[in-house]
Amino acid sequence: MLDAEALYLELLRGVRALLKSDTRLVGITSGGAWLAERLQADLQLPGKPGVISSAMHRDDFSKRGMVSGGGGQTALAFDVNGADIILLDDVLYTGRTIRAVINELFDFGRPAAVKLAVLVDRGGRELPIQPDFAAARVALPATQKLELARSDAGAFSFNVEG
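First, a word on what this report is: a plain description of the structure on this page. Quantities reported herein were computed from a predicted structural model and do not represent experimental measurements. (Residues numbered from 1 in each chain as written. Predicted model: local features only at pLDDT ≥ 70, side-chain atom pairs only at ≥ 80, totals over all residues. Heavy atoms only, no water.)

1. A few points about the side chain of Arg-122
- Its place among the elements puts Arg-122 in the loop between β4 (113-121) and β5 (133-137).
- Buried and unpaired, Arg-122 has Asp-121 as its nearest opposite-charge partner, separated by 7.7 Å.
- For Arg-122, the side chain forms a polar contact with the main-chain oxygen of Pro-141, separated by 2.9 Å.
- Setting aside its immediate chain neighbours within four residues, Arg-122 contacts Val-91, Leu-92, Tyr-93, Val-138, Ala-139, Leu-140, Pro-141, Ala-142, Gln-144, Lys-145 and Leu-146. (Helix = DSSP H or I, 4+ residues; strand = E, 2+ residues; numbered from the N terminus. Buried < 20%, exposed > 50% of the residue type's maximum accessible area, 1.4 Å probe, protein only. Lys, Arg positive; Asp, Glu negative; His and termini not counted. Salt bridge = Lys/Arg side-chain N within 4 Å of Asp/Glu carboxyl O. Polar contact = N/O pair within 3.5 Å; in protein donor to acceptor, adjacent residues only side chain to side chain. Contact = heavy atoms within 4.5 Å.)

Put into structure tokens, the structure is as follows:
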């Protein structure tokens, strides 16, 4: 079983290495947003991290509607134009969520650079999207679903279904 807290510490190390003085963290709802929130505090960055939803740009929107992406809405309290952004997600799989999120991000402006950091890269890509940093790479059957969970105290764990 994957230790989400140990992987978070590895993600913290990796994100610290990607940071520039003006980098903004943006977490994908919901697991990536949890990661961005905790990283923002642990890295002692000013302000709040951004939160971004894939719901409006998903290629399966007609089937899934607004339920995609944990139901959260995009909230970016900074100017995206010219920003250096680290996009955070819990589990990278097909790449379709990342494609949708990048479309959403560009609805708000044109960033100078976007890097992707993930807790787990499980392979199985359907699009040519790769993380700049992954705390772990694991192989799971396509029938299994890996999801980040957060306790009331803020501790991370994984749920595996299927």
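2. Focus on helix α1 (residues 4-18)
- Its 15 residues give α1 an end-to-end C-alpha distance of 21 Å, which sits within 8% of 21 Å, the value for a rise of 1.5 Å per residue.
- Turning to α1, its buried residues are Ala-4, Leu-7, Tyr-8, Leu-11, Leu-12, Gly-14, Val-15 and Leu-18.
- Taking the backbone nitrogen of Glu-5 as reference, a side-chain oxygen 3.1 Å away marks Asp-3 as the first, capping residue of α1. (Expected span 1.5 Å × (residues − 1).)

3. Points about the packing of aromatic side chains
- Across all of its chains, the model carries one aromatic pair by this definition.
- Ring geometry for Tyr-8 against Phe-156: centres 5.7 Å apart, planes inclined by 50 degrees, an arrangement best described as tilted. Taken together, the positions of Tyr-8 in helix α1 and Phe-156 in strand β7 (residues 156-161) put the pair 148 residues apart, joining distant regions of the chain.
- On the basis of relative accessibility, which here comes to 6%, the residue Phe-156 falls in the buried class. (Phe/Tyr/Trp six-rings, centres within 6.5 Å; stacked < 30°, edge-to-face > 60°.)

4. What to know about the sheet that holds strand β3 (residues 84-92)
- Within the open sheet, the five strands sit side by side as β2-β1-β3-β4-β5. Their pairing is parallel. For this open sheet the edge positions go to β2 (50-52) and β5, each flanked by a neighbour on one side alone. Here the average twist between neighbouring strands, direction ignored, is 25 degrees.
- Inspection of the sheet shows β3 paired to β4 by eight bridges, in the parallel sense. If you follow Asp-84 over to β4, its bridge partner there is Ala-113.
- Across the sheet, helix α2 (residues 31-42) lies against β1 (24-28), β2, β3 and β4, angled at about 150 degrees from β1, the strand it touches most. (Pairing = 2+ DSSP bridges. Axes fitted to C-alpha atoms, helices over the stretch in contact; angles between N-to-C directions.)

5. Section: the environment of Asp-22
- Within the secondary structure layout, Asp-22 lies in the loop between α1 and β1.
- Asp-22 gets classed as partly exposed once you look at its relative accessible area, which sits at 48%.
- Put simply, Asp-22 and Phe-158 are 136 residues apart on the chain and 31 Å apart in space, counted from C-alpha to C-alpha.

6. Here we look at a nonpolar patch on the surface
- Residues Ile-102, Phe-106 and Val-114 make up a contiguous nonpolar surface patch of roughly 220 Å² in combined accessible area.
- As for its placement among the helices and strands, Ile-102 is situated in helix α4 (residues 96-107).
- Here Ile-102 falls in the partly exposed class, since its relative accessible area comes to 30%. (Patch = residues over 30% accessible without salt bridge, like charges linked within 9 Å, V, L, I, M, F, W, Y side chains within 5 Å. Areas by Shrake-Rupley, 256 points an atom, 1.4 Å probe, with all protein chains shown as cover.)

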